Amino acid sequence: MSSTYQTYLGQGLTRSLVAMRAQEGSTRTVGYILLQLLYDLIGPDQVFDRLLKGPTDDVWLNPWVDYLQRRGVVFHTAVQVNGFELDGGRVCPVQATENGNPFQIAASYYIAAMPVDVMSTLLTPALKAAAPSLANLDRLQTRWMNGIQFYLRRDVPLVRGHAIYLDSPWALTSVSQRQFWTGVDLSSFGDGTVGGILSVDISEWEQPGVLYDKPAMQCTATEIKEEVWTQLKQHLNVAGGIQLDDVDLETWFLDPDIQFPNPTLVTNLEPLLVNTAGSLQYRPEAQIEIPNLFLASDYVRTYTDLATMEGANEAARRELPLARSRVHRTTRATLAPHRTRIPQASSRNRPHPVCSGAAPSPGVIIRATDPIPPVCSSLRLAFTLWSPRHSSLHGPARPKP
Ligand SMILES: Cc1cc2nc3c(=O)[nH]c(=O)nc-3n(C[C@H](O)[C@H](O)[C@H](O)COP(=O)(O)OP(=O)(O)OC[C@H]3O[C@@H](n4cnc5c(N)ncnc54)[C@H](O)[C@@H]3O)c2cc1C
């Protein structure tokens, strides 16, 4: 294979898009994804890349939260799940803490939607014995992939889509967001001086950069910012042109999941699952051997096959009919969580009626027949690869429909 092939197709795309090294990636996953991307390029819709039309919270997550709350769903955002207990082959209760206070969640059915690096630490020998398909979760691998945003005094659209800085040492990709955020008035944010936002993902955290000769994992927040900014400029300011100028940089924001207890011991609270060769066998289905526990996360086996929001969504859609059919065999089914909180001290050593199946439990009801709220429209985008050696390798810029 030529070095250009390796740079662009062998290594660049997998590393930059899914934080996976070509040498260890699953051919099945990478092959399917590449085929899907190519198919989308030549398909009649020519939709290759989709972006939200505003900040994710505003146009996607908050509308869903509002909708679900209107339907009676109650979110407990300060709850941390610490363990599953088994009772007669079923899970019940779940051990948790809320604001540091331990309690138990007793329910008829549970849906676990925690990331694989958390879920794998909650598996006891008893749980693995009851659900052998969970036994190898700790063999799945994660990598760091996190973002930094640059707030610019003037807008720098760059390209109408994602840009991949193929041979940047830190495997950078970016989106210049203002052009897609139709209806969002940037002057209403902060002190009103921000003209554009360049959102950058860093997919390689273990290779040295160009400025400090250190991997991102060992850099301070400021060093990460300086390094990323420099690598972007190396790719964009070529052939005498200046697309990124230091004077345009108003401020920046690094993903708070990157924690700095010590500049050389940076911690990432949310690493990303990578599909390494042979890992499919370790990934469970949405329905596992324990009849009242379902999975709805990106590590579940799905057709999407990649750790994405779409993959997690597909897992949830796979699990939903299973859960529904078990909870009530009617069309207007009731879905978990039917849950009851049991104070830790009073519940020790005796089964809760919900766990033993003796009592109906109050719960949150989601009916399958409910209409799904409109979320947002997506945009058709171009796709551009940037390289310092080849100042721009454009995919065809398609007009917005
Ligand atoms: C930088 C970056 C960019 C990405 N870009 C894209 C993209 O453009 N498109 C795309 O589709 N995907 C993208 N992804 C991947 C996508 O974000 C994930 O695959 C997706 O969010 C997985 O969804 P999930 O519901 O399985 O897990 P998460 O979204 O990780 O949700 C898990 C939840 O569990 C909670 N939790 C963790 N531990 C506990 C505990 N002990 N008790 C209770 N709750 C707990 C967490 O707080 C979190 O809310 C990106 C990922 C990264 C890191």
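Please read all numbers here as calculations on a predicted model, not as lab measurements.

Calculation criteria
Residues numbered from 1 in each chain as written. Predicted model: local features only at pLDDT ≥ 70, side-chain atom pairs only at ≥ 80, totals over all residues. Near = placed C-beta within 6 Å. Helix = DSSP H or I, 4+ residues; strand = E, 2+ residues; numbered from the N terminus. Domains from an automatic or database assignment. Buried ≥ 20, exposed ≤ 12 C-beta atoms within 10 Å, placed from the backbone. Expected span 1.5 Å × (residues − 1). Arc of directions from axis to C-beta. Bend = angle between axes of the 7 residues up to and from the residue.

Concerning the site of the ligand
Argument step 1. The ligand sits among 20 residues. The nearest are Val81, Ser297, Thr308, Met309 and Ala312.
Argument step 2. The set of elements that each furnish at least two residues to the shell around the ligand consists of β1 (79–87), β6 (146–152) and α7 (309–327).
Argument step 3. The residue makeup of the shell around the ligand includes at least three contributed by each of domain 1 (3–51 + 145–269 + 382–394) and domain 2 (59–141 + 318–356).

Structural notes on unusual backbone geometry
Argument step 1. Cis geometry is adopted by the peptide bond preceding proline 93, which originates at cysteine 92 and carries an omega value of -5 degrees.
Argument step 2. Along the chain, proline 93 turns up in strand β2 (residues 90–98).
Argument step 3. The phi dihedral of asparagine 99 is positive, around 50 degrees, even though this residue is not glycine.
Argument step 4. Of note, asparagine 99 is situated in the loop between β2 and β3 (101–107).
Argument step 5. Overall, asparagine 99 belongs to the exposed group, with 7 C-beta atoms counted inside 10 Å.

Observations concerning helix α6 (residues 221–236)
Argument step 1. With 16 residues, α6 should cover 22 Å at 1.5 Å per step; its first-to-last C-alpha distance of 22 Å lies within 8% of that length.
Argument step 2. When α6 is considered as a whole, its buried residues turn out to be Ile224, Glu227, Val228, Gln231, Leu232, His235 and Leu236. The buried residues of α6 all sit within an arc of 155 degrees when viewed along its axis, so they share a single face.

Quick look at helix α3 (residues 56–70)
Argument step 1. Relative to the 21 Å expected for 15 residues at 1.5 Å per residue, α3 spans 20 Å between its end C-alpha atoms, a close match to the ideal helical length.
Argument step 2. At asparagine 62, α3 shows its maximal bend, which comes to roughly 35 degrees, and the proline proline 63 appears one to four places after that position.

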